[in-house]
Amino acid sequence: MAQDVRVCRPWVMTSPPQLSPHPDRLLPSEPGVRAIARRLYAAVQDLPIVSPHGHVPAQWLADDTPFLDPTSLLLSPDHYMTRLLHASGVALPDLGVGTGRLDEAASRRAWRILGERWALFRGTPSRLWMETTLADVFGVTQRLSAQTADDIYDHVARCLTTSAFRPRALFDRFGIELLATTDDPCDDLAHHEALAGDPGFGGRVVPTFRPDRYLEPGREDFPELMKALATASGVDTGHYAGYVAALENRRRYFVEHGAVSSDHSHADVVTLTLDRAEASRIYAAALSGLADPAEATALRRHMLVEMARMAVDDGLVMTLHPGVRRNHHTPTFRAVGADTGHDIPVATEFTRGLQPLLERFGTAAGFHLALFTVDETVFSREIAPLAGFYPSVYAGAPWWFLDAPEAIRRFRGAVSETAGFYRTTGFIDDTRAFCSIPARHDMSRRLDSGFLARLVAEHRLDEDEAVETAVDLVTTIPRKAFKL
Amino acid sequence: MAQDVRVCRPWVMTSPPQLSPHPDRLLPSEPGVRAIARRLYAAVQDLPIVSPHGHVPAQWLADDTPFLDPTSLLLSPDHYMTRLLHASGVALPDLGVGTGRLDEAASRRAWRILGERWALFRGTPSRLWMETTLADVFGVTQRLSAQTADDIYDHVARCLTTSAFRPRALFDRFGIELLATTDDPCDDLAHHEALAGDPGFGGRVVPTFRPDRYLEPGREDFPELMKALATASGVDTGHYAGYVAALENRRRYFVEHGAVSSDHSHADVVTLTLDRAEASRIYAAALSGLADPAEATALRRHMLVEMARMAVDDGLVMTLHPGVRRNHHTPTFRAVGADTGHDIPVATEFTRGLQPLLERFGTAAGFHLALFTVDETVFSREIAPLAGFYPSVYAGAPWWFLDAPEAIRRFRGAVSETAGFYRTTGFIDDTRAFCSIPARHDMSRRLDSGFLARLVAEHRLDEDEAVETAVDLVTTIPRKAFKL
Amino acid sequence: MAQDVRVCRPWVMTSPPQLSPHPDRLLPSEPGVRAIARRLYAAVQDLPIVSPHGHVPAQWLADDTPFLDPTSLLLSPDHYMTRLLHASGVALPDLGVGTGRLDEAASRRAWRILGERWALFRGTPSRLWMETTLADVFGVTQRLSAQTADDIYDHVARCLTTSAFRPRALFDRFGIELLATTDDPCDDLAHHEALAGDPGFGGRVVPTFRPDRYLEPGREDFPELMKALATASGVDTGHYAGYVAALENRRRYFVEHGAVSSDHSHADVVTLTLDRAEASRIYAAALSGLADPAEATALRRHMLVEMARMAVDDGLVMTLHPGVRRNHHTPTFRAVGADTGHDIPVATEFTRGLQPLLERFGTAAGFHLALFTVDETVFSREIAPLAGFYPSVYAGAPWWFLDAPEAIRRFRGAVSETAGFYRTTGFIDDTRAFCSIPARHDMSRRLDSGFLARLVAEHRLDEDEAVETAVDLVTTIPRKAFKL
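Residues numbered from 1 in each chain as written. Chains lettered and ligands numbered in written order. Predicted model: local features only at pLDDT ≥ 70, side-chain atom pairs only at ≥ 80, totals over all residues. Heavy atoms only, no water.

### Looking at the overall build of chain A
Applicable threshold: The numbering of helices and of strands both runs from the N terminus, where a helix is a DSSP run of H or I of at least 4 residues and a strand a run of E of at least 2. Radius of gyration here uses only the C-alpha atoms, and the compact-globule reference equals 2.2 Å multiplied by the residue count raised to the power 0.38. When a residue's accessible area, from a 1.4 Å probe over protein chains only, is under 20% of the maximum for its type it is buried; when over 50% it is exposed; and in between it is partly exposed. Two residues qualify as a contact provided that any one of their heavy atoms is within 4.5 Å of a heavy atom in the partner residue.
A tally of regular secondary structure across chain A gives 20 helices and nine strands. In terms of C-alpha radius of gyration, chain A reaches 23 Å, essentially the compact-globule figure of 23 Å for 484 residues. Taken along its principal axes, the extent of the C-alpha atoms in chain A is 70 × 55 × 45 Å. Relative to its 484 residues, chain A shows a buried fraction of 64%. In chain A, once contacts between residues fewer than 6 apart in sequence are set aside, the share between residues at least 24 apart is 77%.

### Details of the pairing of strand β2 (residues 176-180) of chain B
All names here are of chain B. To be explicit about the condition: Should DSSP find at least two bridges between two strands, the strands are regarded as paired.
With four of five residues buried, β2 is to be regarded as a mostly interior element. As paired strands, strand β1 (residues 49-51) and β2 are joined by three bridges and run parallel to one another. By the bridge assignment, Ile49 is partnered in β2 with Ile176.

### Here's the deal with the relation of the copies chain C and chain B
Heads up, the rule is: When the copies are superposed, the least-squares fit takes in the C-alpha atoms of residues with a pLDDT of at least 70 in both.
After a rotation of 120 degrees and a shift along the axis of 0.0 Å, chain C superposes on chain B with an RMSD of 0.0 Å. What the rotation and shift describe, once combined, is the action of a three-fold rotation axis. Taken as a fraction of all interface residues of chain C, those also at the interface in chain B reach only 5%, which identifies the copy contact as different-surface.

### Observations concerning the sheet that holds strand β3 (residues 204-206) of chain A
All names here are of chain A. As a reminder of what qualifies: Orientation is described by axes fitted as lines to C-alpha atoms, over the contacting stretch for helices, and by angles from 0 to 180 degrees between their N-to-C directions.
Overall, parallel pairing links the three strands, which are arranged β1-β2-β3 in an open sheet. Each of the sheet's edge strands pairs with one partner strand only, and the pair in question is β1 (49-51) and β3. Each adjacent strand pair in this sheet contributes to an overall mean axis angle of 10 degrees, direction not counted.

### Digging into the packing of helix α18 (residues 437-457) of chain A against helix α19 (residues 463-474) of chain A
All names here are of chain A. So the rule is basically this: Angles below 35 degrees are treated as roughly parallel, those above 145 as roughly antiparallel, those between 65 and 115 as roughly perpendicular, and all remaining angles as oblique. Handedness of a crossing follows from how the near helix is turned relative to the far one, being left-handed for an anticlockwise turn of less than a right angle and right-handed for a clockwise one. Only Asp, Glu, Lys and Arg are considered charged, only Ala, Val, Leu, Ile, Met, Phe, Trp, Tyr, Cys and Pro nonpolar, and every remaining residue, Gly among them, polar.
It is the contact of α18 with α19, at a shortest axis distance of 10 Å, that shows an interaxial angle of 160 degrees. If you check the angle between α18 and α19, you find them roughly antiparallel. Here the hand of the crossing between α18 and α19 comes out right-handed. Where α18 abuts α19, its residues Arg445, Asp448, Leu452 and Val456 lie against Glu463, Ala466, Thr469, Ala470, Leu473 and Val474. Residue classes in the contact of α18 with α19 are distributed as six nonpolar, one polar and three charged.

### Describing the sheet that holds β2(B)
Residue and element names in this part refer to chain B. Pairing in this open sheet of three strands is parallel, and the strands run β1-β2-β3 from one edge to the other. Strand pairing shows two members of the sheet lacking a second neighbour, β1 and β3 (204-206), which therefore form its edges. Averaged over all neighbouring strand pairs, the angle between strand axes comes to 10 degrees, with direction disregarded. Direction of pairing for β2 relative to β3: parallel, over a ladder of three bridges. Its bridge partner lying in β3, Leu178 is registered against Arg204. Taken strand by strand, helix α18 (residues 437-457) contacts β1 and β2, and its axis lies near 100 degrees from that of β1.

### Remarks on the relation of the copies chain B and chain A
Take chain B, turn it by 120 degrees, move it 0.0 Å along the axis, and it overlays chain A with an RMSD of 0.0 Å. Interface overlap between copies is the fraction of interface residues in one copy that are interface residues in the other; for chain B against chain A it is only 5%, indicating separate surfaces.

### Thoughts on the packing of aromatic side chains
Heads up, the rule is: Here the aromatic set is Phe, Tyr and Trp, taking the six-membered ring for Trp, and pairing holds for ring centres within 6.5 Å; pairs whose planes are under 30 degrees apart are stacked, those over 60 apart are edge-to-face, and all others are tilted. By definition, being over a ring means that NZ of Lys or CZ of Arg is both within 6 Å of the ring centre and within 35 degrees of the ring normal.
According to the stated counting rule, one finds 60 aromatic pairs over all chains in the structure shown. Ring geometry for A:Tyr243 against A:Tyr283: centres 4.5 Å apart, planes inclined by 15 degrees, an arrangement best described as stacked. With A:Tyr243 in helix α11 (residues 240-256) and A:Tyr283 in helix α12 (residues 276-287), this residue pair connects regions lying 40 residues apart in the sequence. Members of the aromatic cluster, connected to one another through ring pairs, are A:Trp60, A:Phe67, A:Phe174 and A:Phe434. When the ring centre of B:Tyr394 is taken as reference, the NZ or CZ atom of B:Arg423 above it lies at 4.5 Å.

Distances and angles like these do not, on their own, reveal function.
Next up, the structure:
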């Protein structure tokens, strides 16, 4: 966004453009409001991208290996795309899900399937992200269809053979100021270290401490995970005190490697504090595979409070992404693995669940707790009221099933009236789809500009304030929430 | 809708028109968006009506008996109307609820009550449906009021004496391509058979298998229902295997008589699978009236999975309409019976509840499961994510308390971003109010046109795509979801 | 509102106006809709204020003591303001929360903090209320900021020294027709009595019976409360029958002093009926501090049904304001007391919870039950369906976290399609911030005008009907719901 990302001259498509993302896309349709929104958007359009939570592997940037083909880059890893194709009857392996990289013929076939079924995505953000990515990153101006799929595939494939489309070149072109990855606590962060020490790379790529598996004593592989944690930390995890110390150790390691936050995604956000003896007892049982499910859950909830306690000490921002029933369809999970499109949201409670944690640390100096949700009923009922009182709590941006135009508007409509704009985190793209990062941030900026423009048009805000707020939403607000 | 339904020339009202439904009603107010919406609506306005779920008795069409009077046709059976009048202080029997048909004086009095209290319905869809029905079906252009009630009553009553207003004539005039009724599993479907065999009737009227009562082993009359089921099926229902076989038998009977779906409305959609011995044991207990409530509920939940299993075999689409506390006010239920306006929604959970069913049949070839709700919090949180992954799951259209303009817009806004348009069922009118069927479908078409027009105006969709989608929503989409 | 409230000539600010509330603020932005909304708003703008539920102390009006300073009048008691400042890092005592009145220097300092952090309130209704209050009541036309805080403080402080800004003068200026306060059952209502008997005061100020504490047998201070109740009523509360009689006695006392409603705010609205022996037993246990929590909760739920029974007899309207986890952060509660900004909403169920109460009294002659909520998921799912059937039930206006523009629009959008406009209560300001009462009612009138205007623009309502409805919403509708 900092530079013009549409230029891909050597491969300019020969067919006349049929469609290109409209400069006013996603702005409000009423001409008076749109005029205001255009001015607000102009103020933020080219600002650098701050991406404090996402899933791009640091290795891509460290190795700067060329991307391979359009399907493995733009389709297979994007479960927003593959799930809806699956719903329409396509087998996931035909899209490269759970198969490893497809060969050239299969890769092209998968891309054709996408073209044939492009109508499925009408009304979804995936369509807009793909369209914007194809246009702005690759210069594609044709609409995807059965007819155009091969041409577009060839065009993108040609682009990917050139140095201008290698990860670091795109990182620069996209104007990314900061990119946070998501990492296992036992990861040695070698790629982050390599990037930080590389004088040829000017960007900032930071790890995020994501300890979910290590906080679920009910998992079958918990004993092995504890061994791995011991190895990584050099701390004996044979007892509860060591377990806690090992986690503290790894958090410190992450902090030393630039991490700004830890991220937590469990089935709920219930918290509680066990006494030390009870925590020790359950931990010991879990190590022997003997903790019963209720005990294991209790220890997990206790450990979430421990994470908050450690955050107060080591300064990592704590972000919560709860409320998803993972791997809803076991046969699919068995066939193609996790994260394949059937994690389904459930209702989630924050007010009572987080009370024990906030009772202890809600007003602790420097503590930051960002609350994300896939259950939008809590926007106005729980998250905004919590963020509107506790100095530690930030209302997380719309996430996953909600990171789309209508949902983003509902989020602002539900949260702002209680918590304003300055108690929110700013946008996170939460994506592994590297090439879509500019499109996602651009969408968010357009929608916030539109929301603010409506406030101006309804004389609820003056335009100078709206401009300042729009800029803050992509600069000072995420920097403050994530301590950048 | 296929023909001009406003013509009722012999009874043209003498008073000057004071109000008639505006040609742009329900389209977005912003002139630019409205212009697009008009073009989209023009493409669907006159398409035939597909009504795959509703409550019109097949007998009306089989016998083609004239309707009797305005009150028994338009007011008494419409619990949207009678409930709000009741809330304002009118006794239900004064509206013909629970009384059988009112005599002429009482019928006219009931209609006058409606006229006097017409302001109650401002902001409701009932007002729009009634207004459109009166105008388009009967040529009434005056607004209902205490002053006009008698005139309108007389006018409609005169219409009803003519052959142009008999059920089959209206069926043709309305342009109904398919009408599904809702029927008891023991029904002999004689009226459907008569209609199918009648060379003078060109429409398609199909039954729907609605076995709720037969799947609730906790009901007091369950033993009698099992006897009736045995009689209808010719299968001994004295044991569990016979119960299952009898249901399979009746489903087959319905399929042979044209049914395309089974419909299920229980308090929740929790599903589970009992082992055969346990199911048999509970069934035997229920036959003796000895099943405890928890057991009875377990068997009902198990039987819902059985229904899915049968659907995989016999091809009936399975539709769920859960989440209502029936007969909330016992004194009213005792006085005037069920379906009298005090069925009140409750929060409903789909993600966890349906997991056991979807685990087994979610990707089964040919299985279709349409999820309706009166709890709109599940639109974005549960239904769209399920419909966005499972090939079997379709997001059901807004239903009952939600089949109204604002709620329909919320539905599209909540569902489309995850599931698009092509994983939804299309509109169902779900009504017993025969004369309002065109008005309801017309409302839905206007609102979908408006929603799509906004996407076009915001450059999120091209207009050619929007036109195609609008047409699909009333043609290919319901035909695919309901296997028509 | 009845008079021009902007005039404060002796203190006209010398700096040129930088901002004043725009005459079209909060009206829809689309010019066609706005034109209609303006006409509707013009019809209601100057109508008297009916405030049937709020928290202004009657003593202010009885004593007519001058207000002291801007901070203690406009900032310290407004927990909408202080909570968001707290979230941004300000200590509550620095804002005068929990401290008693601040001295002049501290008061000015608190006001400066507000000015410095004014951006926090962008997008909130607090900003609009404060802006409108400062402009319309005090003639302030500058925007609050670090630069203007002192000037505005001085200006308001000067106003407060004059007789035109004493409580009664403002009461008249604001055009308040009726103001309900909220009072403890043991209050002697001397201030209400004084006002009623004062020939120099023309307004109507009525008490509201708020017995929450006396209906929570689980409270530690329950035995002392029962003693106080005995003293106030002259009825022996040593046994259950006396407890009930004492409450009846105090309700009667409130009725005799002009009360029109009782108000109830518990954690939930579950109701049940205990048999007399069980109720007596639990009550006796509670008097000895021996009732266990489940028993205490059961008695509270039983007593809510008793309140309904009494309401049928004595005619008090029953209003429910449930669903808040009070005093979420114990350290803050201990430091500065209750009602300090950390009451956080929780999900609330009405359909099943109220069934036992409505079963008995839902259709009782003259019974009125107004349902408020901070959980907006129940608007369309539970409250509108209940208000759309039961003659006793009224859908309460948006409350607390929901009494803001976007939420009010969502309320109308969710409730009107099932319950229309005439089964709602009309607006309540629910505030202790006396000077903001006109601003709050004005906001509500603008938003309802805008909502109705959209219905007109979409041809869902005729303009004459919309005007009538807008007027009814601030006159006949609250008068009927609250029996004024």
